[in-house]
Amino acid sequence: MTYVVTEACIGVKGEGCMEVCPEYAIFSEPVDDMSFIDPNKCTDCGVCMAACVVGAIYPDNALPAASREFLGLNDYWFRHKTGVRARVREIGVGLSQLV
Ligand code: SF4
């Protein structure tokens, strides 16, 4: 199991989750619109979920159906940053058009 950062993080990118993660498993670079959890480092402690001010983090077995894509996006970011950034940007634009 792993925890997953979802679309609520886009454009917010708070650092509370990174500060509390005991495994240093949460990453983001300045060019990113959100943060990502490394599934190979995450030990499923859950403290990041409680620290997230926008409720963007879920355990993978409790991901809302609309956020399922983020399970792959968190994982792929560690291997294919450019593609994930483009997809996250696309999702973010879609979300901004809903408000
Ligand atoms: S569940 Fe724990 S180990 Fe996994 S990313 Fe969150 S704080 Fe880090």
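Residues numbered from 1 in each chain as written. Predicted model: local features only at pLDDT ≥ 70, side-chain atom pairs only at ≥ 80, totals over all residues.

Peer 1: Please explain the overall build of the protein as it appears in this structure.
Peer 2: Per the secondary structure count, the protein includes four helices and four strands. Starting at the N terminus and walking to the C terminus, you meet the elements of the protein as β-α-β-β-α-β-α-α. Here the C-alpha atoms of the protein give a radius of gyration of 12 Å, agreeing with the 13 Å that 2.2 N^0.38 yields for 99 residues. The buried share of the protein, taken over its 99 residues, is 27%. Counted over contacts in the protein with a minimum sequence separation of 6, partners at least 24 positions apart contribute 68%. (Helix = DSSP H or I, 4+ residues; strand = E, 2+ residues; numbered from the N terminus. Rg over C-alpha atoms; globule rule 2.2 N^0.38 Å. Buried ≥ 20, exposed ≤ 12 C-beta atoms within 10 Å, placed from the backbone. Contact = placed C-beta atoms within 7 Å.)

Peer 1: Whenever I open this one, the site of the ligand confuses me. Can you help?
Peer 2: Near the ligand, the surroundings consist of 14 residues, among which Y3, C21, C42, C45 and C48 are the closest. Taken together, the residues of the shell around the ligand sort by class into ten nonpolar, two polar and two charged. (Near = placed C-beta within 6 Å. Nonpolar A, V, L, I, M, F, W, Y, C, P; charged D, E, K, R; others polar.)

Peer 1: Where do I start with helix α3 (residues 69–77) in this structure?
Peer 2: Three or four residues apart is the spacing at which side chains of an α-helix point the same way, because the helix has 3.6 residues per turn. Every buried residue of α3 is listed here: F70, L73, N74 and W77. All buried residues of α3 fall inside an arc of 100° around its axis, so they share one side. Summarising the contacts, the buried residues of α3 are in contact with β1 (3–5), β3 (36–37) and α4 (81–98). (Arc of directions from axis to C-beta.)

Peer 1: Where do I start with the packing of α3 against α4 in this structure?
Peer 2: If you want to describe how two helices pack, look at the angle between their axes and the distance between the axes. Relative to each other, α3 and α4 sit at 145°, their axes nearing to 8 Å. When you trace α3 past α4, the crossing you get is left-handed. Every residue of α4 that contacts α3 at L73, Y76 and W77 is listed here: K81, G83, V84, R87 and V88. (Axes fitted to C-alpha atoms, helices over the stretch in contact; angles between N-to-C directions. Left-handed = near helix turned anticlockwise from the far one by under 90°.)

Peer 1: What am I meant to see in unusual backbone geometry here?
Peer 2: Keep in mind that most residues, glycine aside, have a negative phi and that most peptide bonds are trans. A positive phi is found at K13, a non-glycine position, where the angle reads about 50°. Looking at where K13 falls in the secondary structure, it is placed in the loop between β1 and α1 (16–20). Here D44, not a glycine, exhibits a phi torsion of approximately 65°, which is positive. Locating D44 in the fold gives a position in the loop between β3 and α2 (47–51).

Peer 1: Sorry, what's going on with the environment of T2 here?
Peer 2: As for its placement among the helices and strands, T2 is situated in the segment before β1. C-alpha of T2 to C-alpha of I91: the two residues are 89 residues apart in sequence and 22 Å apart in space. With sequence-adjacent residues up to four places away left out, T2 is seen in contact with I37, P39, C42, D44 and D60.

Peer 1: Explanation requested: the environment of D60 in the structure shown.
Peer 2: Along the chain, the position of D60 falls in the loop between β4 (57–59) and α3. Taking the C-beta count within 10 Å as the criterion, D60 has 18 such neighbours and is therefore assigned partly exposed. Measuring from C-alpha to C-alpha, the distance between D60 and C21 comes to 17 Å, with 39 residues separating the pair along the chain. Ignoring anything within four residues of it in the chain, the contact list for D60 reads M1, T2, V4 and L71.

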